[in-house]
Amino acid sequence: MYAPPVQRLITELGKLPGIGQRTAQRLAFHILRSDTEDATALADAIREVKERIGLCQVCFNLADSERCRICTDERREPAIVCVVEEPSDVIPVERTHEFHGRYHVLGGALSPIDGIDPEDLKIAELLARVRPAGEGAPMREVVLATNPTTTGEATALHIAELLRGTVTVTRLASGLPVGADLEHADEVTLGKALAGRRAL
Ligand SMILES: [Zn+2]
């Protein structure tokens, strides 16, 4: 129906989350109509994030060098770590301005049904941060900020069990809509949930 390059663009756009066939076509035609400069800027931006952005070696947040901006920020309290599922969950917590510690990004949540087991997440790395061998001060608090979903809760409980007796473990206070993602929580609600976190 379309020339192969146009069909290819539609196919690629259609792989994006929330983009159906029709939207993919609309975006493709928008790109075809736009200036060469704008279209190239989009293509370059995609290429650049894939080339330059990796994961922080300490916390597994997105980073453009070995360590992310938060891990290299001396003003951030290193003895308190907020555990989230995805790098995109760091942003909403940051937006609350309630948290001044560091992060640990698990890379997902436990979901045996989908074949996601503890070893698929950065849980061992979290334990190593909490109980550092040799140099490095021990952690004071681990804030479990996984999503208030079934898999997020299961992940929080699993980690709390592993950390029992070694460090204070807290969980976001209730008030977040159950089943929702951190990403979609408004900053006031999330800020309150952080401020009112309770020990597990
Ligand atoms: Zn980091």
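In this report, we go over the structure that sits alongside the text. These figures come from a predicted structure and were not determined experimentally.

For the zinc ion, the protein coordination sphere consists of Cys56 (SG), Cys59 (SG), Cys68 (SG) and Cys71 (SG), at 2.2 to 2.3 Å. Geometry at the zinc ion is tetrahedral, judged from its four donor atoms and the angles of 104 to 118° they form at the metal. Here Cys59 falls in the buried class, since its relative accessible area comes to 1%.

Contact pair helix 5 (residues 123-130) / helix 6 (residues 150-163): the axes reach a minimum separation of 11 Å and the direction vectors enclose 40°. The hand of the helix 5/helix 6 crossing is right-handed. Contact residues: helix 5 offers Ile123, Leu126, Leu127 and Val130, while helix 6 offers His158, Ile159, Leu162 and Leu163.

Turning to the environment of His100, a few remarks are in order. When you line up the elements, His100 lands in the loop between helix 4 (90-96) and strand 4 (101-105). The spacing of His100 and Cys82 is 18 residues in sequence and 9.5 Å in space, taken between C-alpha atoms. Aside from chain neighbours lying at most four places away, what touches His100 is Arg75, Arg76 and Glu77.

This structure, assessed with the given rule, holds 10 salt bridges. Across the salt bridge formed by Asp73 and Arg75, the nearest N and O atoms sit 3.1 Å from each other. Its salt-bridge partner being Arg171, residue Glu153 comes within 3.3 Å of it at the nearest N-O pair. Taken as a pair, Glu153 in helix 6 and Arg171 in strand 6 (residues 168-171) lie far apart in primary sequence, 18 residues in all. Here Glu153 falls in the partly exposed class, since its relative accessible area comes to 36%. According to the relative accessible area criterion, Arg171 is buried, its value standing at 4%.

Rules behind the numbers
Residues numbered from 1 in each chain as written. Predicted model: local features only at pLDDT ≥ 70, side-chain atom pairs only at ≥ 80, totals over all residues. Heavy atoms only, no water. Donors = N, O, S within 2.8 Å, 3.2 Å for Na, K, Ca; no water. Tetrahedral: all angles 85-135°; square planar, octahedral: opposite > 155°, others 65-115°. Buried < 20%, exposed > 50% of the residue type's maximum accessible area, 1.4 Å probe, protein only. Axes fitted to C-alpha atoms, helices over the stretch in contact; angles between N-to-C directions. Helix = DSSP H or I, 4+ residues; strand = E, 2+ residues; numbered from the N terminus. Left-handed = near helix turned anticlockwise from the far one by under 90°. Contact = heavy atoms within 4.5 Å. Salt bridge = Lys/Arg side-chain N within 4 Å of Asp/Glu carboxyl O.

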